[in-house]
Amino acid sequence: MKNISKITCSRSDQPGIKLMLIFLRRHVFTRRMRMIGVCTASLGSLGLMRFFGLAWSWSIAVALGIYIGTGGWTFLRIIFKTALRDLLGLSVLIQVKYKLYWHRKAKSNVPKIFQDVVRRHPEKVAFIYEATDEKWTFRHLDEYSNAVANFFYQQGFRVGDVIAIFMESRPEFVGFWLGMAKVGIEAALINFNLRLDSLTYCVKTSGAKAIIFGGELSTAISEVNGTLGKNMVKFCSGDFKTELVPPGTKHLDPLLAKASTSPTAQVPAKGLDEQLSRRQVVCQDRLFYIYTSGTTGMPKAAIVVHSRYYRIAAFGYYAYRMTPNDIIYNCLPLYHSAGNIMGAGQCVIHGLTVVIRKKFSASRFWDDCVKYKCTIIQYIGEICRYLLNQPVREAEKHHQVRLAIGNGLRPTIWEDFTQRFQIKQIGEFYGATECNCSIANLDGKVGACGFNSRILPNVYPIRLVKVNEDTMELIRKENGLCITCRPGEPGLLVGRINQEDPLRRFDGYVNENATNKKIAYNVFQKGDQAYLSGDVLVMDELGYMYFKDRSGDTFRWRGENVSTTEVEGILSHILSKTDVAVYGVEVPGVEGKAGMAAIADPEAKLNPNVLYLEMQKVLPPYARPIFLRLLPQVDTTGTFKIQKTRLQRESYNPHQTSDRLYFLDVKLGKYLPVDECVFERIQAGKVSL
């Protein structure tokens, strides 16, 4: 307590630090009072034993027994094992909170933070595009984004307008949303795997007035041109082929080449109305939308404000001790928060060089890392497994990578991955784009996706609370509050909401109903609000947290969140409204859950491979079911909702059902029957999925 007081006094000129330390001191005091109670009882017993004339040795033994019996020893053990970890976590929290405080005070935003980076080293390489070996300096990225800002402003787009971006990963992707942000235009980052109804839905729900698409996706845009609406303005970047793009599409590249590269503030406004429309964009304003699959329905547009972008990038930077000299290898799609914020964000916010690869390649991964002298790599669980499945190659022994950062690395391959590729640190973390309860593994604890302090749990107000795992409804005490899980008990991860705190706020989705479904009331105390992550985790006695399951109607496969409701709707439409249940099933040795579809086929007429041909037209590869189950009818509840509990339990095991079962052989491009022999081969990992 004395040390904390000294720090507070010496740094009283920095309100962010002062507030944080006062908050910390309050919780240290609360925890200390509990320990004082234990110690008082122990010392009291010591005095009482001496009063009755017992020897000192016996008195001390009794007092020690009381101390240990009342939990004192357990707490001391926890302090001893977690103090350094917690101090590191606290220092990261304070740094990010302090930085956010000053950015808010200065009414800053992401483009302004980027301008500071450009001023420091304009000629440093910002992006390297692996596909062409093209290098973008910070000056180039700044001028390109200025051209984007000036062009779209001159086209009449204003603060709060939305433009969708639908293209594969390359430096221009960042240049587009960054440039739009300079004049307050919001970007909707569309998954480039989407097609037809899903693509149309995502573009329309964002409220986009225009769409920028890559030339490589011209056919996909042409397929939905009629449903996007006649007022949708379309711009094509990259390879422009008149015969493929929809009529009226403008080729964006030559238009940007003619636009001014001067900062937008230097472009004169036409009149008073124009000047007023250029209001200052601040940290609380929307930057862009990232789509995330919800538990029901189509993908939801999660709102990313400027402060959230900074927060995610800053936590990664400070938590894993990155430096401006690091070079990040980023093969994750830029429509995802992992690729665009945790990865590219280190370039935009902190001035690191980022290597952008259009598409992940297991065979070229380490060659690229050696070629570009990368020191940090990004992963999702699947990437780590793919790399381990590759034959040993010379490049994996000569890279300079010291840190692998991402999520989904299974405990079963964690140590194999670090040992084979000689990675010094795994930066595993948990956190959805929109959540306010992100956690991180700071000390390399195998299998953990993060932690929360057992010593000062209220410094970062997140909890695991008990839920009915079948319905995912919160279980409450008699007073109406939620029940906090004890170590070892699985529970739903929740985070207390405070809209005035950039670290605790929940910005939600474009759809207000979707936002409301993610908020619970009276969780920690009466009258509060908390964000519901939708994921079940388990915490051990030291506060390390381990991912247990993704609840609801969403599962993760190939690094993507798959909405079962969306897939059900599409399959049902293909099959003329046939009842379909889609769910994820676990496969030994495989990350995530493989999709499985149970389809009502009472007359046994369905041909799985004819269905697969239709699936290829409307579903992205990761959303196509790996397993099929054809059965007389699908279980439903009394309210005609699909019941999946039994289906998930029986999975694709032919010992559990006489229904026809199939698995998708991706190499052959067709479904094959699952019999007992095939089932055993899948379980043994001898079948590639």
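Residues numbered from 1 in each chain as written. Predicted model: local features only at pLDDT ≥ 70, side-chain atom pairs only at ≥ 80, totals over all residues. Heavy atoms only, no water.

*Asks:* Explain the overall build of the protein chain to me, please; I cannot follow it from the model alone.
*Replies:* Secondary structure summary: the protein chain contains 21 helices and 30 strands in total. Looking at the protein chain residue by residue over its 689 residues, the buried ones come to 55%. Partitioning the contacts of the protein chain with sequence separation of at least 6, the portion at a separation of at least 24 is 68%. In the form shown here, the protein chain has an accessible surface area of approximately 30,500 Å², with 54% of it arising from carbon and sulfur atoms. (Helix = DSSP H or I, 4+ residues; strand = E, 2+ residues; numbered from the N terminus. Buried < 20%, exposed > 50% of the residue type's maximum accessible area, 1.4 Å probe, protein only. Contact = heavy atoms within 4.5 Å. Areas by Shrake-Rupley, 256 points an atom, 1.4 Å probe, with all protein chains shown as cover.)

*Asks:* Help me out: how do you make sense of the sheet that holds strand 30 (residues 670-673) in this one?
*Replies:* Across the sheet, five strands lie side by side as 26-27-28-29-30; this open sheet has mixed pairing. Two strands close off the open sheet at either side, each with one partner strand: strand 26 (580-585) and strand 30. The mean inter-strand angle of the sheet, taken between neighbouring strand axes irrespective of direction, is 25°. Where strand 29 (residues 660-665) lies against strand 30, four bridges are found, and the strand directions are antiparallel. Bridged to Asp665 within strand 30 is Lys670. Lying over the sheet, helix 18 (residues 564-574) contacts strand 26 and strand 27 (594-600), oriented at roughly 140° with respect to strand 26. (Pairing = 2+ DSSP bridges. Axes fitted to C-alpha atoms, helices over the stretch in contact; angles between N-to-C directions.)

*Asks:* Looking at this structure, I do not really get the pairing of strand 12 (residues 376-380). What am I missing?
*Replies:* A regular strand places its side chains on the two faces of the sheet in alternate fashion. Counting buried positions along strand 12 yields five of five residues, so the element is predominantly enclosed. The pairing of strand 10 (residues 327-330) with strand 12 spans two bridges and is classified as parallel. Counted as the bridge partner of Tyr329 is Ile377 from strand 12. Examined bridge by bridge, strand 12 and strand 13 (residues 403-407) share five bridges and lie parallel to one another. For Ile376, the partnering residue across the bridge sits in strand 13 and is Leu403.

*Asks:* Would you explain the nonpolar core in this entry?
*Replies:* Nonpolar side chains in soluble globular proteins tend to be buried together. Grouped together as the largest cluster of nonpolar side chains are 180 residues, with contacts concentrated most on Trp177 and Phe627. Ranked by residues supplied to this core, first place goes to helix 6 (residues 138-154) with nine residues. In this structure, Cys331, Cys369, Cys384 and Trp414 belong to the second largest nonpolar core, which totals 30 residues. (Core = buried A, V, L, I, M, F, W, Y, C linked by side-chain atoms within 4.5 Å.)

*Asks:* Whenever I open this one, helix 9 (residues 218-228) confuses me. Can you help?
*Replies:* Every α-helical turn comprises 3.6 residues, leaving residues that sit three or four positions apart pointing alike. Along helix 9, the residues that are buried comprise Ser218, Ala220, Ile221, Val224 and Leu228. Projected down its long axis, helix 9 carries its buried residues within an arc of 135°, all on one side. In this structure, the buried side of helix 9 is in contact with strand 3 (162-166), helix 8 (196-205), strand 5 (210-214) and strand 6 (233-237). (Arc of directions from axis to C-beta.)

*Asks:* I'm lost on the packing of helix 12 (residues 306-319) against helix 13 (residues 337-350) in this one. Help?
*Replies:* When two helices pack together, you describe them by how their axes are tilted relative to each other and by the distance separating the axes. At a minimum axis separation of 8 Å, helix 12 and helix 13 run at an interaxial angle of 90°. By the angle between their axes, helix 12 is roughly perpendicular relative to helix 13. Contacts between helix 12 and helix 13 involve Tyr309, Tyr310, Ile312, Ala313, Ala314, Gly316, Tyr317 and Tyr318 from the first element and Asn340, Ile341, Met342, Ala344, Gly345, Gln346, Val348, Ile349 and His350 from the second. (Parallel < 35°, antiparallel > 145°, perpendicular 65-115°, else oblique.)

*Asks:* Explain the pattern of salt bridges to me, please; I cannot follow it from the model alone.
*Replies:* Tallied over the entire structure, the rule returns 29 salt bridges. A salt bridge links Arg364 to Asp367, with the nearest nitrogen and oxygen atoms 3.5 Å apart. The class for Arg364 is partly exposed, based on a relative accessible area of 37%. For Asp367, a relative accessible area of 25% puts it in the partly exposed group. Two residues, Asp507 and Arg505, come together in a salt bridge whose shortest N-O distance is 2.7 Å. Given a relative accessible area of 12%, Arg505 falls into the buried group. Counted as one network, the salt bridges with shared partners bring together Glu130, Arg357, Arg364, Asp367 and Asp368. (Salt bridge = Lys/Arg side-chain N within 4 Å of Asp/Glu carboxyl O.)

*Asks:* I'm lost on the side chain of Arg85 in this one. Help?
*Replies:* Note on placement: Arg85 falls in helix 4 (residues 72-105). For Arg85, the residues in contact, after removing those within four places along its chain, are Asp443, Phe451, Asn452, Ser453, Leu542, Gly543 and Tyr544.

*Asks:* Got a minute to help me understand the pairing of strand 6 in this structure?
*Replies:* With four of its five residues buried, strand 6 lies for the most part within the structure. Sheet topology note: the strand 5/strand 6 ladder contains five bridges and is parallel. Paired with Ile212 across the strands is Phe235, a residue of strand 6. Of the strand pairs in this sheet, strand 6 and strand 7 (residues 250-251) are connected by two bridges, and their pairing is parallel. Across the sheet, the residue bridging to Phe235 is Lys250, located in strand 7.

*Asks:* What is the right way to look at the confidence of the model for the protein chain in this model?
*Replies:* Low pLDDT marks regions whose predicted coordinates should not be analysed in detail. The predicted model of the protein chain averages 86 in pLDDT, with 84% of residues at 70 or higher. Overall, residues 26-54 carries pLDDT values under 50, and its contacts beyond four positions in sequence, including any with other chains, amount to 35 contacts. Note on residues 266-272: pLDDT under 50 across the span, and eight contacts to partners over four residues away in sequence or across chains. (pLDDT = per-residue confidence, 0-100.)

*Asks:* Looking at this structure, how should I read unusual backbone geometry?
*Replies:* Excluding glycine, residues mostly carry a negative phi; peptide bonds, for their part, are mostly trans. Phi at Lys107 takes a positive value of approximately 55°, unusual for a residue other than glycine. In this structure, Lys107 sits in the loop between helix 4 and helix 5 (110-120). Backbone geometry places Ala604, a non-glycine residue, at a positive phi of 55°.

*Asks:* How should I be thinking about the sheet that holds strand 1 (residues 125-129) in this particular structure?
*Replies:* What holds strands together in a sheet is hydrogen bonding between their backbones, with the strands either parallel or antiparallel. The eight strands are arranged 2-1-11-10-12-13-14-15 in an open sheet whose pairing can be described as mixed. On the outer flanks of this sheet lie strand 2 (134-137) and strand 15 (439-440), each paired with one strand and no other. In this structure, strand 10 lies alongside strand 11 (residues 353-356), joined through four bridges in parallel fashion. Bridged to Asn330 within strand 11 is Ile356. Packed on one face of the sheet, helix 6 meets strand 1 and strand 2 and runs near 80° to strand 2. In this fold helix 13 packs onto strand 1, strand 10, strand 11, strand 12, strand 13 and strand 14 (425-430), with an angle of close to 160° to the strand it touches most, strand 10.

*Asks:* For this particular structure, what's the right way to read the packing of aromatic side chains?
*Replies:* Two numbers describe a pair of aromatic rings. These are the distance of the centres and the angle of the planes. Within the structure shown, the criterion is met by 25 aromatic pairs. A ring pair is formed by Trp177 and Phe288, whose centres lie 5.2 Å apart and whose planes are at 80°; its orientation type is edge-to-face. You can see Trp177 sitting in helix 7 (residues 171-182) and its partner Phe288 sitting in strand 8 (residues 286-292), a full 111 residues away along the chain. For the residue pair Trp177 and Phe288, the accessibility class agrees, reading buried in each case. With a centroid separation of 4.1 Å and 0° between ring planes, the pair formed by Phe627 and Tyr652 is classed as stacked. Here Tyr652 lies in the loop between helix 20 (645-650) and strand 29 and Phe627 lies in strand 28 (residues 627-631), a separation of 25 residues in the sequence. As far as the burial class goes, Phe627 and Tyr652 line up, both buried. An aromatic cluster is defined as three or more aromatic residues linked by ring pairs; in this entry it consists of Tyr329, Phe360, Phe365, Trp366, Tyr386, Phe417 and Phe421. When the ring centre of Tyr153 is taken as reference, the NZ or CZ atom of Arg158 above it lies at 3.8 Å. For Lys445, the ring lying beneath its charged end belongs to Tyr544, and the centroid distance is 5.4 Å. (Phe/Tyr/Trp six-rings, centres within 6.5 Å; stacked < 30°, edge-to-face > 60°. Lys NZ or Arg CZ within 6 Å of the ring centre and 35° of its normal.)

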